[in-house]
Every structure is written in structure tokens, then in C-alpha cells.
Amino acid sequence: MNKKMDFAAFHPYVSYATRYPFSKGQESLNRHCYSSSLYLISEGYGLVRTCDRTYPTVPGSLVYIPAGQPHDWIADSHDPMVHVCCYFDWVHVDRRAYFSHPSVICYDATQLVPALIGPAFPLMIPEHVKVEKLQVWKDFFQKFYTENQYPNEHTYIRNVKNQSYFLQFIEFFLTFVLKDDQFPDQRMYKLLERLDQDLVHGHLQPLESYYKELRISRGYFFELFKNATGLPPTQYINRFRIHRTMDDLRNTNISITEIAYKHGFSSVHYFSKLFRQLNGQSPRKYREDRNDFL
């Protein structure tokens, strides 16, 4: 990526997920989905065509089509494919005022409304890959199958559950398709979960205990850590603690000295120095400015 992307804006949201069997030799019209879409070929064979590229599809084919990208399908005339598929947005787009159901597909490019096309994901995702352990992928999809309707007061809780399963699937999907240099080493997630818990509970261990747990060298641990967080371990820990002190500075009358010790800093002087480095002002000035604003 050449420019910095705002990943905080990306909250994947599934609108529709289902199983669709093709008839023998069935052809779909050239189409544009307003949402991004994923298709797992669970059975049978066929072709998918998109932007002058053609991919043969077999059981285990996984096809990703970004929102708005034209594509069409041709099923085998003897053993037609079955799609396990979902339509989703990387950032939720509310189209209820324009369409009566969420899985909106446009078959006439001249009628496409660009403003309603879902956003693209900022990293390159391959259009066609082959998965192993097909049943595992099918099981993931089946957990968030939905009817092609917008949520209402009767279906809200079910929709929350579906979104939860979908987010688990997206994590699984992105881990599978993204390149190693785009995606942090999976071992770091469990370690960071433990580190964050230790910081919250005030039980931070020496860094050595964390990389020994992974059975890797100190240097390799620092490399993996920075790839996963964008910061060396010590800076990450300091930033984590400083951000927690900011809540107390904004919302309590606890003394600055007490705040420093409460969040694990060895001295108020060291705390103030780090705070100024990260925020450009002293803890006292930060508190005064926030009080004036309120």
C-alpha cells in the first residue's frame, strides 16, 4: 500500500448469505453487486468471468468479487456447481431507502448508482483461490445464513448472532488469503491478548517471559511484535499505559502522582516525561485543557 488507510473505519457487515444450486448449463446475466461477494463452490463445476478474466470453478473454489465489479457465471452442463455465498460490505452501507432487500444486483450497468456501491478493502485480495478442508469452510458459511431481508424488531437478536459468526469467518478468510507480509504472524494474537490482560490487571511480566513462551529469539520477537502492532514492545506498553492514564486525567480528581503509580509507572517524573513525548503536553496541562473544554 502506498498511502495510509483508515482501518478503524472497516467494520464488515453481512447482508445476505445462502446456498444457491445452479441448473445444468445455467448462465447468469452479466451483473454488478452493490456489496462485495464471496462464493464457495461446494459441489459441481462451472466458470466465472470477470473483467476479461475467466476462472474454472471446482469444488473448493473460493471466488471474491469486489463491490460493483461486473461478473457472470456459467454452470457445467452435466455437473452444475452449487454456490455457498454471501453479500457483505467492508463498511456498512444503508441502502434501505433505495432497495427492498439487501442482496441488490444490477444487470444494467447504465442503471448502476455509484454512490451505493460498497467500499473496497484496502489490501489486495485474490479473486480466485482453492481451499482445502471444504467442509470447514461450508460450516463457517452455514452459521450465518440469512433470509434476504433487512433486520427488524423480531430478527434483531438473530442478526447480531449472524454478524458475530460472520466476523469470525472474515478473520478466518483474511488470514487465509492475505500474504504473510500483509498479515501479522498468527502467534502474536494470543500473545498480545495475554499482554493486554496483564497490563489491564497490573501483572506485566518481563518481556523475556513472553518471547520464551513462543520459543523464539529476542530479536525475532521484536520483529514480529512490530509487524503486529507497528511499535516495539516497550513503546506499545508505554502507549497502552499512557492511554489509560488519560481517562483518569479527564474523568477523575485523582492526583497525578497517584495516577502514575496506579498505572505502573516507576515515578511521576518518568510518567510526565513519557506523557509529554506522546501528547505534546504535560499531564497537568492535559487535565486543565480538558476541564476548560468541559
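As a starting point, this report considers the structure included with it. (Residues numbered from 1 in each chain as written. Predicted model: local features only at pLDDT ≥ 70, side-chain atom pairs only at ≥ 80, totals over all residues. Heavy atoms only, no water.)

1. Describing the overall build of the protein
Here's step 1: Counting its secondary structure elements, the protein contains nine helices and 10 strands.
Here's step 2: With the C-alpha coordinates of the protein rotated into their principal frame, the extents come out at 75 × 50 × 40 Å.
Here's step 3: Sequence separation of 24 or more characterises 72% of the internal contacts of the protein that already satisfy a separation of 6 or more.
Here's step 4: Summed over its atoms, the accessible surface of the protein is roughly 16,900 Å², and 51% of this surface lies on carbon and sulfur atoms.
Here's step 5: Counting 34 positive and 31 negative side-chain charges, the protein places the averaged centre of each group 6 Å from the other. (Helix = DSSP H or I, 4+ residues; strand = E, 2+ residues; numbered from the N terminus. Contact = heavy atoms within 4.5 Å. Areas by Shrake-Rupley, 256 points an atom, 1.4 Å probe, with all protein chains shown as cover. Lys, Arg positive; Asp, Glu negative; His and termini not counted. Charge placed at Lys NZ, Arg CZ, Asp CG, Glu CD.)

2. Things to note about helix H5 (residues 218-229)
Two residues of an α-helix separated by three or four positions point the same way, owing to the 3.6 residues in each turn.
Here's step 1: For H5, which comprises 12 residues, the first-to-last C-alpha distance of 16 Å matches the rise-based estimate of 16 Å (1.5 Å per residue) to within 8%.
Here's step 2: All buried positions along H5 are accounted for by Phe221, Leu224 and Phe225. Buried residues of H5, viewed axially, fall in a sector of 100°; they line one side. Of the exposed residues in H5, those oriented more than 90 degrees away from the buried face are Gly219 and Asn227.
Here's step 3: Against helix H3 (187-201), helix H4 (207-213) and helix H6 (233-251) lie the buried residues of H5.
Here's step 4: Of the residues one or two after H5, glycine 230 is the one with positive phi, at around 85°. (Expected span 1.5 Å × (residues − 1). Buried < 20%, exposed > 50% of the residue type's maximum accessible area, 1.4 Å probe, protein only. Arc of directions from axis to C-beta.)

3. Digging into the packing of H3 against H6
Here's step 1: Interaxial distance between H3 and H6 falls to 11 Å at its minimum, and their mutual angle equals 45°. Taken as axis vectors, H3 and H6 run oblique relative to one another. Handedness of the H3/H6 crossing: right-handed. From H3, Leu192, Leu195, Asp196, Leu199 and Val200 reach across to H6, where they touch Tyr236, Ile237, Phe240, Arg241 and Arg244. (Axes fitted to C-alpha atoms, helices over the stretch in contact; angles between N-to-C directions. Parallel < 35°, antiparallel > 145°, perpendicular 65-115°, else oblique. Left-handed = near helix turned anticlockwise from the far one by under 90°.)

4. Quick notes on the sheet that holds strand S8 (residues 82-89)
Here's step 1: Pairing within the open sheet is antiparallel, and its five strands lie in the order S1-S8-S3-S6-S10. Each having just a single partner strand, strand S1 (13-21) and strand S10 (128-130) make up the two edges of the open sheet. Taken pair by pair, the neighbouring strands of this sheet meet at an average axis angle of 15°, ignoring direction.
Here's step 2: Across three bridges, the pairing between strand S6 (residues 61-65) and S10 is antiparallel. Across the sheet, residue leucine 62 finds its bridge partner in S10, namely valine 129.
Here's step 3: Lying on the sheet, helix H1 (residues 134-143) is in contact with strand S3 (36-43), S6 and S8; it crosses S3 at an angle near 130°.
Here's step 4: Set on the sheet, helix H2 (residues 156-177) makes contact with S1, S3, S6, S8 and S10; between it and S1 the angle comes to about 80°. (Pairing = 2+ DSSP bridges.)

5. A few points about the packing of aromatic side chains
Here's step 1: This structure, assessed with the given rule, holds 31 aromatic pairs.
Here's step 2: Both rings, one in tyrosine 236 and one in phenylalanine 240, keep their centres 6.4 Å apart while their planes meet at 40°; by these two values the pair is tilted. With tyrosine 236 and phenylalanine 240 both in helix H6 and four residues apart, the pair spans about one turn of that helix. Across this residue pair, the class does not change: tyrosine 236 and phenylalanine 240 are buried. (Phe/Tyr/Trp six-rings, centres within 6.5 Å; stacked < 30°, edge-to-face > 60°.)

6. Things to note about the state of the cysteines
Each disulfide is one covalent bond, formed between the sulfur atoms of two cysteines.
Here's step 1: In the structure shown here, the tally under the stated rule is zero disulfides.
Here's step 2: With no disulfide of its own, cysteine 51 has cysteine 33 as its nearest cysteine by sulfur position, at a separation of 13 Å.
Here's step 3: On the basis of relative accessible area, cysteine 51 is assigned to the partly exposed category, the value being 36%.
Here's step 4: Free cysteine cysteine 106: the closest other cysteine sulfur is in cysteine 33, separated by 9.9 Å.
Here's step 5: For cysteine 106, a relative accessible area of 9% corresponds to the buried category. (Disulfide = S-S within 2.5 Å.)

7. What about the pattern of salt bridges?
Here's step 1: On inspection of all chains with the given rule, the structure shows 11 salt bridges.
Here's step 2: The closest approach of N and O atoms between arginine 53 and glutamate 127, which form a salt bridge, is 2.6 Å. One end of the pair, arginine 53, is in strand S5 (residues 53-57); the other, glutamate 127, is in the loop between strand S9 (105-106) and S10, with 74 residues separating them in the sequence.
Here's step 3: A salt bridge links lysine 285 to aspartate 289; the shortest N-O distance between them is 2.9 Å. Linking lysine 285 with aspartate 289, this pair stays in helix H9 (residues 283-293), spanning four residues, or about one helical turn.
Here's step 4: You can call lysine 285 partly exposed: its relative accessible area is 39%.
Here's step 5: Through salt bridges with shared partners, a single network forms among Arg194, Asp198 and Glu213. (Salt bridge = Lys/Arg side-chain N within 4 Å of Asp/Glu carboxyl O.)

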